[in-house]
Amino acid sequence: MLSWSLGRVPFATRLAGRIFSDPMRYATGKPLERWLMLIDLASRKLVFANDPKVVETVMLDRAGQFPKSAVVHDLLKPLIGGGVFGQPGGASVKETRRIFSRSLATIPDEEVRRVTEAITADYLDRWLAAPGGQVAISEELSRLTVDIVSHCTLGDRFDADQSLRFTRLFFAFHRKAAPLVLMLAGQDERARARVMRDMGIEEIGGEMRALMRERFVTPLINGDRPLETAPFALALAEAGRLEPGLAGEEALLDEIAVMLLAGHETTASTLSWLSYELAGRPELQDATAAALAGRTEGEGFWGAADPDSIADALAREALRIYPPIGFFLREAQEDIVFRTKPVPAGSFVLVAPWTLHRHQKLWWRPDDFSPRRWLEGGPAPARTSYMPFGMGARGCPGARFADIEMAAILRGLLARARLTLVPGTRPKPLGNLTSRPDKEIMLRLSERSRT
Ligand code: HEM
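As the structure is a computational prediction, the values presented were derived from the model and not from experiment.

Enquirer: What is the right way to read the coordination of the iron atom of the ligand from this model?
Expert: Ideal coordination angles are 109.5 degrees for a metal with four donors arranged tetrahedrally and 90 or 180 degrees for a metal with six donors arranged octahedrally. Within the protein, just one atom coordinates the iron atom of the ligand: C396 (SG), at a distance of 2.3 Å. Along the polypeptide, C396 turns up in the loop between α17 (353–356) and α18 (399–416).

Here it is in structure tokens:
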């Protein structure tokens, strides 16, 4: 379908197609580093913005005029229905976001850390006992992070079969979901519906929703599990969002789907790439394991940095090079001029952390994986050149949760395991919905000796 569509549109559109289908390869260097690029799609313009002023206009100053694109809604609808993540904006989005933030704020940091450490320890037991020590780390990190976010926000977890099924289905969804195809389909409802059907993601989304409904929604609705055990469902109920009947149940499922999907895929993707980078750099990995365990006495690669700063620097650098949400797709509500170029209302506007985080003019040695750049004394990036958690009215409400969780997983992992690359694994970022690896990252995990 993608190649069919692209065969009928001009060169710039084919370039856009290549960018979308292989973002890693095309996301750095010319021409994507231009401050502003206008591409003619079949029915409207696509504006690609790196200019800090334009980025600020779109994401902050006039964010209300640049709501999330309907493409985001349509693409995610099979999974999250009318859930907040796919909604363009407005008062109801503001109110729903408040519920997310309020419920996350009721979970103490210490609780997130404790749950993460306990569940990570269970996973490590299993990983270290795997035949030949081989672990599909991206899949396993997805299972781990979905368990952590569901335990903390809903008080329950999938069983082992369900979690495997859920993460595999989501991977399949990712592979098939193609934003550009939907962008090219134009405004005609029937054409868009056909494109969605052809992608084959509706069935996958339906199966994932059935799993979430069975495990999390039905027991809460039936009263088999008290709402008090599920902080997020409780916050929705307290805000009057748990209306009786099928519509109320669907609305609960929609927002639970947002929490579970936004809250696990992102951390799993970041940690998958970080594990991959560390597995490919044994010396950095060993120095990090020793420093995180407080065994270096101020010497070696990390110098006098404390363990919290080290874990933070690693996560920030992984989020810089592999921002899980690599593209923010917005739509201009009115005519506007960017850098003297007229942009008509209805144009797509793309702000891409993927490109901004690797931009030659914004970063020193942007393609190097260099976590030490984040230690004290290093230059702070300009605010529009680093935004893994988004910014402004639609920024991530789970950033703090994610920071604590990722640091705890990293510390648990490196305390017990040495990670080695399994030859033959050369993953690339998928780039459709998130930057998760396009194929399983296989690593060998062995017990880390303390000597
Ligand atoms: C490394 C981890 C994470 C990253 C990089 C990340 C990044 C983001 C970004 C960039 C957005 C905004 C997308 C946009 O503007 O189009 C977002 C939204 C969101 N995130 Fe996160 N996130 C992470 C972890 C989490 C966690 C752990 C949770 C929950 C516990 C969470 C919950 C949400 C929710 C509910 C939204 C939707 C907000 C809305 O629709 O306005 N995220 N995230």
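From this point on, the discussion continues.
Enquirer: Before we go on, may I ask you to explain the nonpolar core in this structure?
Expert: Where a protein is soluble and globular, its nonpolar side chains tend to be buried together. Core analysis: the biggest nonpolar cluster contains 116 residues, and W127 and L445 have the highest contact counts within it. When residues of this core are assigned to their parent elements, the largest contribution, 15 residues, is made by helix α14 (residues 246–279). In this view, L445 contacts W127, L128, G133, V135, L413, A417, R418 and L419; residues no more than four positions away in its chain are not counted. Grouped together as the second largest cluster of nonpolar side chains are 18 residues, V47, V58, I336 and M391 included.

Enquirer: Honestly, the sheet that holds strand β3 (residues 134–136) in this entry has me stumped. Any pointers?
Expert: Backbone-to-backbone hydrogen bonds join strands into a sheet, with any given pair of strands oriented parallel or antiparallel. Sheet architecture is open: three strands sit in the order β3-β9-β8, paired in antiparallel fashion. Among the strands making up the open sheet, the edge pair consists of β3 and β8 (417–421). Averaged over neighbouring strand pairs, the angle between their axes works out to 40 degrees when direction is ignored. In the sheet, β8 pairs with strand β9 (residues 442–447) via five bridges, with the strands oriented antiparallel. In the strand pairing of β9, L421 is matched with L443. Sheet contacts for helix α8 (residues 137–154): β3 and β9; angle to β3, the most-contacted strand, approximately 60 degrees. Against the sheet, α18 touches β8 and β9, its axis set at about 90 degrees to β8.

Conventions adopted
- The residue numbering used here restarts from 1 in each chain and proceeds along that chain's sequence as written.
- Predicted model: local features are reported for residues with pLDDT of at least 70 only, side-chain atom pairs are reported and counted for 80 or more only, and whole-chain, interface and lining totals are derived from all residues.
- Neither water nor hydrogens contribute to the side-chain values; these are computed over all heavy atoms in the structure.
- With water excluded from the atoms, a metal site may look incomplete; its donors are any N, O or S atoms within 2.8 Å, or within 3.2 Å for Na, K and Ca.
- Strands are runs of DSSP state E lasting at least 2 residues, helices are runs of H or I lasting at least 4, and numbering of each runs from the N terminus.
- We call a set of buried Ala, Val, Leu, Ile, Met, Phe, Trp, Tyr and Cys residues a nonpolar core when their side-chain atoms join them within 4.5 Å.
- Note on exposure labels: buried denotes an accessible area under 20% of the residue type's maximum, exposed denotes more than 50%, and partly exposed covers the range between, all computed with a 1.4 Å probe on protein chains only.
- In what follows, residue pairs with any heavy atoms lying within 4.5 Å of each other are defined as contacts.
- The rule for pairing is simple: two strands pair if DSSP sees at least two bridges between them.
- The axes are straight lines fitted to the C-alpha atoms, using for helices just the contacting stretch, and the angles between their N-to-C directions are given from 0 to 180°.

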